[in-house]
Amino acid sequence: MASDNSLNFLSQTTPQISDFFKPTSTADLLTIAAVVLCSTSYLLKGIAWNKPDPHAYQLFQRPQLADGASILSKKETRNIALKLEEHKKDLVIFWGSQSGTAEGLANRLGRDIHLRFGLDVLVADLSDYNADTIALIPETKLALFIISTYGEGDPSDNTAGFWDWIHRTAEKSPSLRYAAFGLGNSNYKHYNRVVDVTVAALDSFGARSIMPVGKADDVESGTEEDFMVWKGHLFEVFGTLGYQEVSWKYMPTFEVVEDDSLAPIDLHDGEPTHLDSSRSCSAVRALKVLNSKELFKSGDRNCLHMDLALTEHPDLHYKTGDHLAVWPINPEEEVQLLLKVLGRSDMPITVKSLDSTVRIKIPTPTSTATLFRHYLEVCAPVSRETVLGLAYFAPTEEAKVYLNEIGRDKDIYNTFLSQQYLTIGRMMALACPNTPWAVPLSYIIETLPHLQPRYYSISSSSVISPRQPSITVLVANTALASGQTVPGLTSNYLLALSNPQSQPHKFSGPSAKLEDGRLFAHIRKSKFKLPVQSSCPLVMIAAGTGLAPFMAFLAERKKLMDIGRPVGQMMVFFGCRDVSDFIYREEIEELQQRFGEKLVIVTAFSRAGDKRYVQDGITEKSDDILGLVENGANVYICGRANMSKDVGRSLGDKMKERNGWSDEELGEWSRKLKGMRKWQEDVWG
């Protein structure tokens, strides 16, 4: 019935609708024609008209992105054996580096081997290849490993995959021939542990070492000399393997082209390029310095407390105990000196790799002044190897002889270095001050390390100041026998930033992003953390600016106490030169009053009256410390590695005496504490 009604309704209304839309005038016909035309035109858009221009993207393309896009479009193999065959390489140099030193040595060694023996070399980041394919490298090739150890015997971040492989694999690699060189510091307990473990693992796999393992000890800045000695032995072994030396002639790895057609907008203007692929680091941002104050009471040295703002960057966050990395700018004096001795002006340049296996890590295109100001360590002390390398480009015979005399002998070089502040620009100016040096920019890029950030422990609590981290900066100036000083790059940059009238740097930075007192920085996560339970006792041991993270720990504990949370017993051991170097003294004394018996402060002054060091206080209070440890206390050490080593030895001796332990039992106790994160260290140097 309902269906019949619907049909009747439609049969009655359809003629009426047709009559309504029936055109009755010329205007109606024109309207219908316009609607049809517009509809057809819309449907044919992009087909019959307004076709997209296939080259339109070029109007918006920036030249500096072209190389990166082409690199990303190519899928590179992660099989190192296949890579060596594809690119006809004779030898691979693997590097594992945390600060960039091992990477720099690997690149230099690769160039030296190519120039001296004519071998085609691949320098490889260990993280770029599947570690298990190392076992597939044939006997006709060689593998060299240059690997650093940092912290408590830890591998670098880019060594993680390789480290996992050598600990879990049971593969055999009898065809692999290798040599290894490790970078470490004997002030650390696990000196060069990573290279030792690597060599032991490779040997257990059946790989054959062509020479004894080499080790660098940076305790007296000896890495360069140790490397040169090892490299000399390596080249002697190359002779026994049948490799023939060829006449040395410089051949660049990069092509550097001056191009004044590039507009400023096309150039990378100095903003840091952060290559850390791990998730432990944030993006680099321009942070405003809110205030800076001097912590030392004497006038001849400086130690700064600096507060920075994260308010402009909602993507940045930190936690108590994390690190803040500062990206410095080279002093303008050194930038202009290097331009002058090279006879160059500030020109737009493009850097291109002449080897498809070599990555360009300098942002390109850029300019020569930006290259020296933001991307290279132009203030780095010139190595003996670099002195000898510069002799090849000497503009006069006298300059060549001068450089060879300094560079050939280790003792002569060290004596000279103890008298002079030598950067690459200063070295060339000394050797031949009045004639420009025809040193290719490619050689400068290949020789100088890339500018790296410097890390500072954050001295504020994220609970109290979540958007305002602070850092504590000792301004480093190393006195030489001649009366000259070697200024620490980043600490003096920060000192100048706190006193802009000095103007040794261009503070506006790239594209004026650093105006109004800003600096480039990023946050790095740390494992140096407070326990979850506020009632857990703490033992904090520091020297110098190592006190910084403990100021954050104490401030956070005070906040918890103020809101009624139970707070465990705390001991702070702090050492410095004298009372005038006692940073945060007023703040600590106020905290001691607030905490009462919950906080014990033990100081040691090494240059005042009865000389005392931190480890002396540790020995005197060892029973109290070990009592807290046995009751579940966390032990934290922050400062120089040699201090940490001495403290560990003092506590270890007392623990052995207290419990009648052997060295093995002490070692087991120590490993257990560290495994449970009850013993944490944040040390350097």
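A brief report on the enclosed structure follows. What you see is a predicted model; the values in this text were computed from it and never measured.

### Notes on the overall build of the protein
Logical step 1: Along the protein, the regular secondary structure elements total 22 helices and 23 strands.
Logical step 2: Here the protein holds 685 residues, and the buried ones make up 47% of them.
Logical step 3: Surface accessibility of the protein: about 33800 Å² in total, with carbon and sulfur atoms responsible for 53%.

### Considering the sheet that holds strand S8 (residues 254–258)
Logical step 1: Spatially, S8-S12-S13 is the arrangement adopted by the three strands of the open sheet, whose pairing is antiparallel. Where the open sheet ends on each side, the last strands, each with one partner, are S8 and strand S13 (366–367).

### Some words on helix H20 (residues 622–630)
Logical step 1: Among the residues of H20, those classed as buried are Ser622, Ile625, Leu626, Gly627, Leu628 and Val629.
Logical step 2: Elements in contact with the buried residues of H20: strand S19 (538–543), strand S20 (570–576), helix H19 (614–620), strand S22 (634–640), helix H21 (641–659) and helix H22 (663–675).
Logical step 3: Following H20 by one or two positions, Gly632 adopts a phi angle in the positive range, close to 95 degrees.

### Some details on the sheet that holds strand S15 (residues 470–474)
Logical step 1: Here we have six strands laid out as an open sheet, ordered S14-S11-S18-S9-S10-S15, and antiparallel in their pairing. Each having just a single partner strand, strand S14 (454–457) and S15 make up the two edges of the open sheet. Adjacent strand axes in the sheet meet at a mean angle of 45 degrees, parallel and antiparallel pairs treated alike.
Logical step 2: In terms of strand pairing, strand S11 (residues 323–327) meets S14 through four bridges, oriented antiparallel. Paired with Leu324 across the two strands is Tyr456, which belongs to S14.

### Describing the nonpolar core
Logical step 1: Counting 45 residues, the largest nonpolar core has Leu342, Phe372, Leu376, Met427, Met428 and Trp437 as the members making the most contacts within it.
Logical step 2: Elements that contribute at least two residues to this core include exactly helix H9 (332–341), strand S12 (348–353), helix H10 (368–375), helix H11 (384–391), helix H12 (397–408), helix H13 (410–419), helix H14 (424–431) and helix H15 (441–447).
Logical step 3: Not counting residues up to four positions away in its chain, the partners in contact with Met428 are Leu338, Val341, Leu342, Leu390, Pro433, Trp437 and Val439.

### Looking at the layout of surface pockets
Logical step 1: Each pocket or cavity is described by its volume, and for the second largest pocket that value is around 710 Å³.
Logical step 2: Along the wall of the second largest pocket there are 26 residues; nearest its centre are Asp112, Lys231, Trp248, Glu385 and Gly389.
Logical step 3: Of all elements in the fold, only helix H5 (101–117), helix H8 (223–240), H11, H12 and H15 reach the threshold of two or more residues within the lining of the second largest pocket.
Logical step 4: Along the lines of polarity and charge, the residues of the lining of the second largest pocket split into eleven nonpolar, five polar and ten charged.

### Brief notes about the environment of Asn130
Logical step 1: Within the secondary structure, Asn130 is located in the loop between strand S2 (121–125) and strand S3 (142–150).
Logical step 2: Along the sequence, Asn130 and Phe162 sit 32 residues apart, while their C-alpha atoms lie 7.8 Å from each other.

### A look at empty space enclosed by the protein
Logical step 1: Using the criterion set out here, one finds two cavities of 30 Å³ or more in the structure.
Logical step 2: In this model, the largest cavity occupies a volume close to 60 Å³.
Logical step 3: In this structure, the largest cavity is lined by Gly270, Pro272, Trp327, Pro328, Ile329, His374, Leu451, Tyr493, Leu514 and Phe520.
Logical step 4: The volume enclosed by the second largest cavity comes to roughly 40 Å³.
Logical step 5: Forming the boundary of the second largest cavity are Phe94, Leu126, Tyr129, Asn130, Ala131, Ile134, Gly161 and Phe162.

### Quick word on the side chain of Lys89
Logical step 1: Among the structural elements, Lys89 can be located in the loop between helix H4 (80–86) and strand S1 (91–96).
Logical step 2: In this structure the side chain of Lys89 is engaged in a polar contact, spanning 2.8 Å, whose partner is the side chain of Asp355.
Logical step 3: Not counting residues up to four positions away in its chain, the partners in contact with Lys89 are Leu84, Asp120, Val121, Leu122, Lys141, Asp355 and Thr357.

### Some remarks on unusual backbone geometry
Logical step 1: Going from Thr364 to Pro365, the amide bond is cis rather than trans, its omega being 0 degrees.
Logical step 2: Take Pro365: it is sitting in the loop between S12 and S13.
Logical step 3: Positive phi is not limited to glycine here, since Asp516 has a value of about 65 degrees.
Logical step 4: For Asp516, the position within the fold is in the loop between helix H16 (489–498) and strand S18 (518–524).
Logical step 5: By relative accessible area, which is 59% here, Asp516 ends up exposed.
Logical step 6: Despite not being glycine, Tyr584 has its phi angle at roughly 60 degrees, a positive value.
Logical step 7: Position of Tyr584 relative to the elements: it lies in the loop between S20 and helix H18 (585–595).

### Some remarks on H11
Logical step 1: With seven of its eight residues buried, H11 lies for the most part within the structure.
Logical step 2: Residues of H11 that are buried include every one of Arg384, Glu385, Thr386, Val387, Gly389, Leu390 and Ala391, and no others.
Logical step 3: Against the buried residues of H11 lie H5, H8, H12, H13, H14 and H15.

### As for the pattern of salt bridges
Between side chains of opposite charge, a pair can form when the charged atoms approach closely.
Logical step 1: Throughout the structure, instances matching the rule amount to 36 salt bridges.
Logical step 2: One salt bridge connects Arg168 with Asp164, and the closest N-O pair in it is separated by 2.9 Å. Within this pair, Arg168 and its partner Asp164 are both found in helix H6 (residues 160–168), separated by four residues, close to a single helical turn.
Logical step 3: On the accessibility criterion, Arg168 (56% relative accessible area) is exposed.
Logical step 4: What makes Asp164 partly exposed here is its relative accessible area of 42%.
Logical step 5: Each of Arg108, Asp112, Glu224, Lys231 and Glu385 takes part in salt bridges that share partners, so that together they form one network.

### Some thoughts on the packing of aromatic side chains
Logical step 1: For the structure on display, the rule yields 26 aromatic pairs.
Logical step 2: Between Phe227 and Trp230 the ring centres are 6.2 Å apart and the planes differ by 35 degrees, which places this aromatic pair in the tilted class. Here Phe227 pairs with Trp230, and both are found in helix H8, just three residues apart, close to one helical turn. For the pair formed by Phe227 and Trp230, the shared burial category is buried.
Logical step 3: Among the aromatic residues, those joined into a cluster by ring pairs are Phe94, Phe145, Phe162, Trp165, Tyr178 and Phe205.
Logical step 4: A cation over a ring is seen here: Arg524 above Tyr455, with NZ or CZ 3.7 Å from the ring centre.

### Focus: the pairing of S19
Logical step 1: Most of S19 sits inside the fold, with five of its six residues counted as buried.
Logical step 2: Here six bridges tie S19 to S20, and the two strands are oriented parallel to one another. Counterpart to Ile541 in the pairing with S20 is Phe573.
Logical step 3: Once the chain exits S19 it traverses helix H17 (residues 548–562) before rejoining the sheet at S20, and the crossover so formed is right-handed.

### A word on the packing of H9 against H10
Logical step 1: Contact geometry for H9 and H10: axes closest at 10 Å, N-to-C directions at 140 degrees. The angle between the axes of H9 and H10 places the two elements in the oblique class. Considering the relative orientation of H9 and H10, their crossing is right-handed. In this structure, H9 contributes Glu332, Val335, Gln336, Leu338 and Leu339 to the contact, and H10 contributes Thr368, Ala369, Phe372 and Arg373.
Logical step 2: Residues that form the contact of H9 with H10 fall into these classes: five nonpolar, two polar and two charged.

What counts, and at which threshold
- Residues numbered from 1 in each chain as written.
- Predicted model: local features only at pLDDT ≥ 70, side-chain atom pairs only at ≥ 80, totals over all residues.
- Heavy atoms only, no water.
- Helix = DSSP H or I, 4+ residues; strand = E, 2+ residues; numbered from the N terminus.
- Buried < 20%, exposed > 50% of the residue type's maximum accessible area, 1.4 Å probe, protein only.
- Areas by Shrake-Rupley, 256 points an atom, 1.4 Å probe, with all protein chains shown as cover.
- Pairing = 2+ DSSP bridges.
- Contact = heavy atoms within 4.5 Å.
- Axes fitted to C-alpha atoms, helices over the stretch in contact; angles between N-to-C directions.
- Core = buried A, V, L, I, M, F, W, Y, C linked by side-chain atoms within 4.5 Å.
- 1 Å grid on protein atoms, 1.4 Å probe; cavity = no way out; pocket = protein on both sides within 12 Å on 5 of 7 lines; lining within 4 Å.
- Points joined across faces, edges and corners; volume = space filled by probe spheres on them.
- Nonpolar A, V, L, I, M, F, W, Y, C, P; charged D, E, K, R; others polar.
- Polar contact = N/O pair within 3.5 Å; in protein donor to acceptor, adjacent residues only side chain to side chain.
- Salt bridge = Lys/Arg side-chain N within 4 Å of Asp/Glu carboxyl O.
- Phe/Tyr/Trp six-rings, centres within 6.5 Å; stacked < 30°, edge-to-face > 60°.
- Lys NZ or Arg CZ within 6 Å of the ring centre and 35° of its normal.
- Right-handed = clockwise from strand over helix to strand, strands pointing away.
- Parallel < 35°, antiparallel > 145°, perpendicular 65-115°, else oblique.
- Left-handed = near helix turned anticlockwise from the far one by under 90°.

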